[in-house]
Number of protein chains: 2
Amino acid sequence: MTTKRIEIVQDILNVNDQIAEETNALLHSKHIFSLNIMASPGAGKTSLILKTLQALPPDMRAAVLEGDTAPVTIDAEKVHGIGVPAIQINTGGDCHLNANLVKKGIQALDLDNLDFIIVENVGNLICPAAWKLGTDMNMVIASIPEGDDKPYKYPNIYRGIQALVLNKIDLKPYVDFNVPYFKEGITALNPNVEFFEVSSKTGEGIPAWAEWLRKKIESVA
Amino acid sequence: MTTKRIEIVQDILNVNDQIAEETNALLHSKHIFSLNIMASPGAGKTSLILKTLQALPPDMRAAVLEGDTAPVTIDAEKVHGIGVPAIQINTGGDCHLNANLVKKGIQALDLDNLDFIIVENVGNLICPAAWKLGTDMNMVIASIPEGDDKPYKYPNIYRGIQALVLNKIDLKPYVDFNVPYFKEGITALNPNVEFFEVSSKTGEGIPAWAEWLRKKIESVA
């Protein structure tokens with residue numbers, strides 16, 4: 001029975017990867033850059049998305065797919081609130097987005113009038129790591145109060161990312177967090193990760209992160 | 001194929017629940033109280049466990065099962081450091097503990113010389129909710145910097161708990177966190193949850209929480 005179950009899971013993953021490739025090809029044909037944001041619950045994904053969208057040039061047209069495990073529109077409403085289209089994707093309790101859910105979300109967007117799609121994954125440092133969505137880039141948002149040992153405890157999520165944004169640096173004076181130890185943990189898993197330190201609350205570090213991202217977006221335009 | 005997969009998952013859950021019942025009966029026959037602690041990565045599970053163990057009466061004999069997704073012993077070593085037996089359980093990448101892993105962990109303990117077992121689940125607000133471990137009590141540790149909207153976004157984890165410890169209250173001055181909104185979200189899902197506000201860093205609130213827990217432990221002695 002165990003063997004049978006493994007076979008089925010592999011089938012599903014293969015279908016997932018195929019859909020992911022189709023999504024990526026579709027978005028490239030429309031010159032749209034796409035970004036999958038993964039993080040713990042409460043690392044500040046939505047806040048960073050809002051700050052990033054506001055820091056990008058105003059003629060850069062974005063949309064956000066909001067992954068949630070429950071039918072809540074808290075995050076999607078915040079994105080709508082700054083005038084950016086947002087689609088809420090409810091996983092129905094599942095602990096991660098998959099390529100098929102993202103495909104359905106993208107079908108609800110006007111792709112001819114977009115430069116950039118952000119996918120906000122479900123808050124989880126484990127499950128999203130295994131599922132390709134068809135995005136150009138994966139990133140993790142970490143945060144100071146989560147602690148500096150996360151790369152050692154949840155290694156898989158850091159292996160497939162191109163960028164790491166360390167958020168809530170305004171809390172550094174109040175929390176023990178060893179930045180070099182944290183970075184070493186990630187570099188050991190994935191030496192090519194680009195690091196940014198930001199505070200969505202104070203805005204510190206947002207311009208440098210947004211400028212780097214702007215160049216990525218323009219690279220597929 | 002989809003139907004087949006659901007059947008298999010149900011089989012596994014039934015086996016899991018049966019093992020959980022056996023574990024609970026075994027622990028009760030030894031007059032051991034057991035507690036399953038669930039939380040986001042970085043909410044402060046291990047720190048709270050250490051503070052709690054130090055606040056309980058010294059003649060209360062405890063052990064800790066440390067659930068991790070990777071073969072890291074960071075948390076188990078911290079528990080050992082205060083003279084408490086700790087067993088590290090590596091889920092091999094899985095996003096939650098299950099009853100069989102906990103059963104194996106318990107087999108490594110000297111049950112005739114224990115009053116209390118803490119199970120530290122994998123850091124995750126979604127997957128652990130669905131898996132009974134055989135413990136007497138489930139709880140969630142939340143933390144101020146995670147934000148007050150978590151009960152609305154990750155509802156299932158709060159449905160089966162008896163206690164919620166809101167940690168890192170020393171960070172209240174620096175973070176927007178609406179405690180009544182947070183509590184209302186949980187009470188709407190589960191009206192009988194006992195709330196505690198603590199700081200593992202300053203020790204605030206730990207005595208009240210430890211005293212409540214002491215009575216629970218003594219209730220099975």
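Bear in mind the structure is a predicted one, so any value in this text is a computation, not a measurement. (Residues numbered from 1 in each chain as written. Chains lettered and ligands numbered in written order. Predicted model: local features only at pLDDT ≥ 70, side-chain atom pairs only at ≥ 80, totals over all residues.)

1. Considering the UniProt feature "domain: CobW/HypB/UreG nucleotide-binding" (unreviewed entry) in chain A
Stage number 1. Within the UniProt annotation, "domain: CobW/HypB/UreG nucleotide-binding" (unreviewed entry) is assigned to residues 37-196 of chain A.
Stage number 2. End C-alpha atoms of residues 37-196 of chain A are separated by 14 Å, and the span's content is 29% helix alongside 22% strand. (UniProt positions renumbered as here; feature names shortened; annotations may be inferred. Helix = DSSP H or I, 4+ residues; strand = E, 2+ residues; numbered from the N terminus.)

2. Some remarks on the sheet that holds strand β1 (residues 33-39) of chain A
Pairing between the strands of a sheet comes from backbone hydrogen bonds, and it takes one of two forms, parallel or antiparallel.
All names here are of chain A.
Stage number 1. The sheet built from 7 strands is open, its strands ordered β3-β2-β4-β1-β5-β6-β7 with parallel pairing. What marks the edges here is a single partner per strand, and that holds for β3 (86-90) and β7 (194-197). Strand after strand, the sheet turns through a mean of 20° between neighbouring axes, direction not considered.
Stage number 2. As paired strands, β1 and strand β4 (residues 116-120) are joined by 5 bridges and run parallel to one another. Looking at β4, one finds that asparagine 36 is bridged to valine 119.
Stage number 3. Together, β1, β4, β5 (137-143), β6 (163-167) and β7 form the strand contacts of helix α8 (residues 206-219), whose direction differs from that of β7 by roughly 145°. (Pairing = 2+ DSSP bridges. Axes fitted to C-alpha atoms, helices over the stretch in contact; angles between N-to-C directions. Contact = placed C-beta atoms within 7 Å.)

3. Some remarks on the environment of tryptophan 209 of chain A
Stage number 1. Tracing the backbone shows tryptophan 209 of chain A in helix α8.
Stage number 2. Contacts of tryptophan 209 of chain A, omitting those with residues within four sequence positions, involve Thr52, Val165, Phe196 and Val198 of chain A.

4. Quick notes on unusual backbone geometry
Residue and element names in this part refer to chain B.
Stage number 1. In this structure, histidine 31 is a non-glycine residue whose phi angle is positive, near 60°.
Stage number 2. C-beta crowding within 10 Å serves as the criterion here: with 13 such atoms nearby, histidine 31 is assigned to the partly exposed category.
Stage number 3. Even without a glycine there, the phi angle at lysine 168 is positive, about 65°.
Stage number 4. Here lysine 168 shows up in the loop between β6 (163-167) and α7 (179-189). (Buried ≥ 20, exposed ≤ 12 C-beta atoms within 10 Å, placed from the backbone.)

5. Quick word on the interface of chain A and chain B
Stage number 1. Between chain A and chain B, the residue contacts involve 32 residues of the former and 32 residues of the latter.
Stage number 2. Counting only elements with at least two residues in the side of chain A that touches chain B, the list comes to α1 (2-29) and α5 (150-153) of chain A.
Stage number 3. If one sorts the elements of the side of chain A that touches chain B by residue count, α5 of chain A sits on top with 3 residues.
Stage number 4. Looking at side-chain class alone, the side of chain A that touches chain B contains 16 nonpolar, 9 polar and 7 charged residues. (Nonpolar A, V, L, I, M, F, W, Y, C, P; charged D, E, K, R; others polar.)

6. As for the pairing of β3 of chain A
All names here are of chain A.
Stage number 1. Within β3, 4 of the 5 residues are buried, leaving the element largely enclosed by the surrounding structure.
Stage number 2. Across 5 bridges, the pairing between strand β2 (residues 62-68) and β3 is parallel. Paired with glutamate 66 across the two strands is glutamine 88, which belongs to β3.
Stage number 3. Each parallel crossover has a hand, and the one from β2 via helix α3 (residues 74-81) to β3 is right-handed. (Right-handed = clockwise from strand over helix to strand, strands pointing away.)

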